[in-house]
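Chain and residue survey
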Amino acid sequence: MSDQIPNATAVIEIKQLITRFGTHVVHSGLDLSVRQAEIFALVGGSGSGKSTLLREIILLQQPESGSIRVLGVDLENITDAAALDLRRRWGVMFQSGGLFGSLTVRENVGLPLREHTGLADRLIDEIADWKLAMTGLQPAVGAQYPAELSGGMMKRASLARALVLDPELLFLDEPTAGLDPESAGEIDQLICRLRDLFGLSIVMITHDLDLLWQVADRVAVLADGKVQGVGSMAELAQLDHPAIGKFFAGQRGLAARQRSTGQTDQPTGIK
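Residues numbered from 1 in each chain as written. Predicted model: local features only at pLDDT ≥ 70, side-chain atom pairs only at ≥ 80, totals over all residues. Heavy atoms only, no water.

Quick look at the pattern of salt bridges now. Overall, the coordinates contain 12 salt bridges when judged by the stated rule. Between Asp125 and Arg114 there is a salt bridge; the shortest N-O distance is 3.2 Å. Of this pair, Asp125 sits in helix H4 (residues 121–134) while Arg114 sits in helix H3 (residues 105–116), and the two are 11 residues apart along the sequence. For Asp125, a relative accessible area of 25% puts it in the partly exposed group. Residue Arg114 is classed as partly exposed on the basis of its relative accessible area, which comes to 32%. (Salt bridge = Lys/Arg side-chain N within 4 Å of Asp/Glu carboxyl O. Helix = DSSP H or I, 4+ residues; strand = E, 2+ residues; numbered from the N terminus. Buried < 20%, exposed > 50% of the residue type's maximum accessible area, 1.4 Å probe, protein only.)

Next up, the structure:
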């Protein structure tokens, strides 16, 4: 499977990335590209470098060598001013929510606007309420504190904050982790709706097999310091590689595939 498609605009381009922690090699010549307006998933086992890669893309960590371009901007030797401008063009939804417990949900969502714009407080509150509504939360939720929210509501509030600056690029770290199946399914639908409505490019780290099968346009499997395969789940299912095959083996992998395809018989080669 080629990672290049004619006329496809890359919003993230990573070439020959090397990351080390002491003698431990995390990335060893990793190449990756993410296309405009696609939902792209990063998967891999524990220690495969998914979270490290995300931190490098969003300027929280620097690789040892290699190049990363995000929205056309080379991250190597980027100035503080250019980094600030770039951060305003993306939003990040952290796995734990990342909301400040001492602020109301409305204040949490509006915080990036207070930091990066000169808008009046009343307008910021209105925008925050609009973003909360966009993610399916009722207006009354804005007056609550994070500790008062359910897991699903926390995820939606964190997503609302990630969207408040109208980003071009959205990063989601385990968007459905810890949610019941109904709440996870609602988040799946919301991710698709946001991409379709606003043309967002979405990059997510996830172990949710239903999310991978039903939402992701392409999936990159990380193992041994590199991308071992990239493509749709249906394309990856055809590859013979141990790091890739584990996403299709076992009862959970088989069940997620069947839910996505409507398949009832066990596929050949999958046990």
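Turning our eyes to something else, we now look at the sheet that holds strand E2 (residues 24–35). Strand-to-strand pairing in sheets goes through backbone hydrogen bonds, with the strands running parallel or antiparallel. Ordered by their spatial adjacency, four strands build an open sheet running E2-E1-E4-E5, and the pairing between neighbours is antiparallel. In the strand order of this sheet, the two ends are held by E2 and strand E5 (73–74), each with one partner. Pairing geometry for strand E1 (residues 10–21) and E2, over nine bridges, is antiparallel. Its bridge partner lying in E2, Ala10 is registered against Arg35. (Pairing = 2+ DSSP bridges.)

Attention now goes to H3. Listed in full, the buried residues belonging to H3 are Val105, Arg106, Asn108, Val109, Gly110, Pro112 and Leu113. Those residues of H3 that are buried are in contact with H4 and helix H5 (151–163). (Contact = heavy atoms within 4.5 Å.)

H5 packs onto H3 with a crossing angle of 25° between their chain directions and a minimal axis gap of 7 Å. One finds that H3 runs roughly parallel with respect to H5. With respect to the hand of their crossing, H3 and H5 are arranged in right-handed fashion. The segment H3 lies against H5, with Val105, Asn108, Val109 and Pro112 engaging Ala157, Ala160 and Arg161. Of the residues in the contact of H3 with H5, the class split is five nonpolar, one polar and one charged. (Axes fitted to C-alpha atoms, helices over the stretch in contact; angles between N-to-C directions. Parallel < 35°, antiparallel > 145°, perpendicular 65-115°, else oblique. Left-handed = near helix turned anticlockwise from the far one by under 90°. Nonpolar A, V, L, I, M, F, W, Y, C, P; charged D, E, K, R; others polar.)

Let us now look at the pairing of strand E3 (residues 39–44). Burial runs high along E3: six of the six residues are buried. Burial of E3 is two-sided: the residues Ile39, Ala41 and Val43 facing one way and the residues Phe40, Leu42 and Gly44 facing the other way are all buried. Relative to strand E9 (residues 218–223), E3 runs parallel, the two sharing five bridges. Bridge pairing links Leu42 to Ala220 in E9.

With that settled, consider the side chain of Thr176. Tracing the backbone through its elements, the reader meets Thr176 in the loop between strand E7 (169–173) and helix H6 (181–198). Judged by relative accessible area, which is 5%, Thr176 ranks as buried. At 2.7 Å, the side chain of Thr176 and the side chain of Asp208 are in polar contact. When near neighbours in sequence (up to four residues on either side) are disregarded, Thr176 contacts Lys155, Ala184, Ile187, Asp188, Thr206, Asp208 and Leu211. (Polar contact = N/O pair within 3.5 Å; in protein donor to acceptor, adjacent residues only side chain to side chain.)

Of all residues except glycine, most have a negative phi; of all peptide bonds, most are trans. Non-glycine residue Gln16 carries a positive phi angle of around 50°. Turning to its location among the elements, Gln16 is positioned in strand E1. Exposure remark for Gln16: the relative accessible area of 48% places this residue in the partly exposed category. For Asn77, which is not a glycine, the phi torsion comes out positive at approximately 60°. Tracing the backbone shows Asn77 in the loop between E5 and helix H2 (80–87). Note on Asn77: relative accessible area 69%, which makes it exposed.

Remember, this is a structural readout, not a statement about activity or role.
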